[in-house]
Amino acid sequence: MTPRPLDSHERVGDQAGWLMLAPALGFTLVFALYPVVDSFLLSLHRILLVLPDQERAFVGLANYRQLAADPVARQAFVVTLGFVALSTILEVLLGLGIALVIHEQFRGRGWVRAAALIPWAIPTVVASQMWRFIFNDQYGFANLLLFGDRIADYVPWLAYPGFAWVTIVLADVWKTSSFAGLLILAGLQLIPDDLYDAARIDGANAWRRFWYITLPLLRPALLLALLFRTIESFKLFDLVFLLTEGGPGTSTETIAVYVYRMAFQYFRTSQSSALAYILLFIVIVLTNLYLYFVKQRGQGA
């Protein structure tokens, strides 16, 4: 069927629509698309800010190959992957628990919902300093709780690589589990109550109702919470930098922290852009995996 040609009034309306969109499109092109393209081109060149007169030489994928052979970059990937795996799983599980609790009808539910969101609402700078104060080696609450006035027994918690890493995980889980719970709560509220009533009539206990009704119907919300928290965990910078600055040594240095160090401390601009694009590639792959699983579930339904 041949589409009907637009009359003069429709053409004017169409042009007016594009004119109204032009400022937003221009803003996006200048402040979003151009930096993305320029940083990718930057990753294909050799540029050192300590040598401003150096010619901008095209090196292709040499920066990416150099990063593959960089032991610090490989360690940053291992640290980041371990952090993402543990923190994301804990946040989704705790978020599920929070959502199940605040979804129930009880007196004071509104206050409990507001209280559950307080950690997420606290700025990361404040949360980081709070956890750093808790594990301070001289006056921290953890030492005071464990050892009391025995100052000689106080432990420098953040000086141990393993415990510093665990502290970052605990701080992130404490702060963002409620956000995952909020996403899962939205999914819970979409499940019809009739399904639970029918299951009760059939004699299904609470566990069976959760396993056969709640969990299958919550899968999109769980996947969405998992995706959001995974992406944010891969990009984590502020919490790590404020708590440990990547230390002791480089034991808690994530990819985002290493990108910052290369760009603003070592002035290896091209390699920092290449590493940022590797991180972007990982995020794109994870996003497409999420969309694939959601599509598969939709086709199965």
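Residues numbered from 1 in each chain as written. Predicted model: local features only at pLDDT ≥ 70, side-chain atom pairs only at ≥ 80, totals over all residues. Heavy atoms only, no water.

Engineer: I tried to follow the packing of helix α8 (residues 161–188) against helix α11 (residues 219–234) on my own but got confused; where do I start?
Structural biologist: Two packed helices can be described by the angle between their axes and the distance between those axes. Running from amino to carboxyl end, α8 crosses α11 at an angle of 150 degrees, the nearest separation of the two axes being 8 Å. Comparing their axes, α11 and α8 come out roughly antiparallel. Taken as a pair, α8 and α11 cross one another with a handedness that is right-handed. Every residue of α11 that contacts α8 at D172, T176, F179, A180, L183, I184 and G187 is listed here: A221, L222, A225, F228, R229 and S233. Taken together, the residues of the contact of α8 with α11 break down into eight nonpolar, three polar and two charged. (Axes fitted to C-alpha atoms, helices over the stretch in contact; angles between N-to-C directions. Helix = DSSP H or I, 4+ residues; strand = E, 2+ residues; numbered from the N terminus. Parallel < 35°, antiparallel > 145°, perpendicular 65-115°, else oblique. Left-handed = near helix turned anticlockwise from the far one by under 90°. Contact = heavy atoms within 4.5 Å. Nonpolar A, V, L, I, M, F, W, Y, C, P; charged D, E, K, R; others polar.)

Engineer: In this structure, what is going on with the pattern of salt bridges? I would like to understand it.
Structural biologist: Pairing is possible between side chains that carry opposite charge, provided their charged atoms lie close to one another. By the definition in use, this model includes seven salt bridges. Among the salt bridges present, the one from E91 reaches R229, with a minimum N-O distance of 2.7 Å. Pair noted here: E91 is in helix α3 (residues 71–103) and R229 is in helix α11, with a separation of 138 residues, a long-range link. Note on accessibility: E91 and R229 belong to one class, buried. Across the salt bridge formed by R150 and D153, the nearest N and O atoms sit 2.9 Å from each other. The class for R150 is partly exposed, based on a relative accessible area of 47%. Linked by salt bridges that have partners in common, E91, D172 and R229 make up one network. (Salt bridge = Lys/Arg side-chain N within 4 Å of Asp/Glu carboxyl O. Buried < 20%, exposed > 50% of the residue type's maximum accessible area, 1.4 Å probe, protein only.)

Engineer: Looking at this structure, I do not really get the layout of surface pockets. What am I missing?
Structural biologist: Gaps left between atoms show up when a probe the size of a water molecule is rolled over them. Of the voids in this model, the largest pocket is the one considered here, and its volume is about 440 Å³. Considering the residues around the largest pocket, the lining is formed by 15 residues, among which H103, E104, Y196, R200 and T214 are closest to the centre. The set of elements that each furnish at least two residues to the lining of the largest pocket consists of α3, α9 (193–201) and α10 (206–217). Classifying every residue of the lining of the largest pocket by side-chain character gives six nonpolar, three polar and six charged. (1 Å grid on protein atoms, 1.4 Å probe; cavity = no way out; pocket = protein on both sides within 12 Å on 5 of 7 lines; lining within 4 Å. Points joined across faces, edges and corners; volume = space filled by probe spheres on them.)

Engineer: How should the packing of α3 against helix α4 (residues 109–116) be read in this particular structure?
Structural biologist: α4 packs onto α3 with a crossing angle of 160 degrees between their chain directions and a minimal axis gap of 9 Å. Regarding the angle of α3 to α4, the classification is roughly antiparallel. By crossing handedness, the relation of α3 to α4 is classed as left-handed. Contact residues: α3 offers I98, I102 and H103, while α4 offers R109, V112, R113 and A116. Counted by class, the contact of α3 with α4 contains four nonpolar, one polar and two charged residues.

Engineer: Quick question: what am I supposed to make of the environment of F106 here?
Structural biologist: Tracing the backbone shows F106 in the loop between α3 and α4. Distance from F106 to F83, taken between C-alpha atoms, is 36 Å for residues 23 residues apart in sequence.

Engineer: Help me out: how do you make sense of α8 in this one?
Structural biologist: Note that an α-helix has 3.6 residues per turn; residues three or four places apart therefore point the same way. Counted at 1.5 Å a residue, the expected span for α8 with its 28 residues is 40 Å, and the 39 Å between its end C-alpha atoms agrees. The principal kink in α8, of about 40 degrees, is found at T176. (Expected span 1.5 Å × (residues − 1). Bend = angle between axes of the 7 residues up to and from the residue.)

Engineer: So what exactly am I meant to see when it comes to the packing of aromatic side chains here?
Structural biologist: For any two aromatic rings, the description comes down to two numbers: the centre-to-centre distance and the angle of the planes. As enumerated under the stated definition, the model contains 17 aromatic pairs in all. Measuring from ring centre to ring centre gives 6.3 Å for F135 and W157, while their planes differ by 75 degrees; the resulting arrangement is edge-to-face. Of the two residues, F135 is situated in the loop between α6 (124–134) and α7 (141–147) and W157 in the loop between α7 and α8; the sequence distance between them amounts to 22 residues. Just as F135 is buried, W157 falls in that class too. An angle of 40 degrees between the planes, with centres 5.5 Å apart, marks the rings of Y260 and F264 as tilted. You can see Y260 and its partner F264 sitting in helix α13 (residues 255–264), four residues apart, about one turn around the helix. Residue classification places Y260 among the partly exposed positions, given a relative accessible area of 27%. Of the residues examined, F264 reaches a relative accessible area of 58% and is grouped as exposed. Members of the aromatic cluster, joined through ring pairs, are W131, F135, W157, F163 and W174. (Phe/Tyr/Trp six-rings, centres within 6.5 Å; stacked < 30°, edge-to-face > 60°.)

Worth remembering: the numbers are spatial, not functional.
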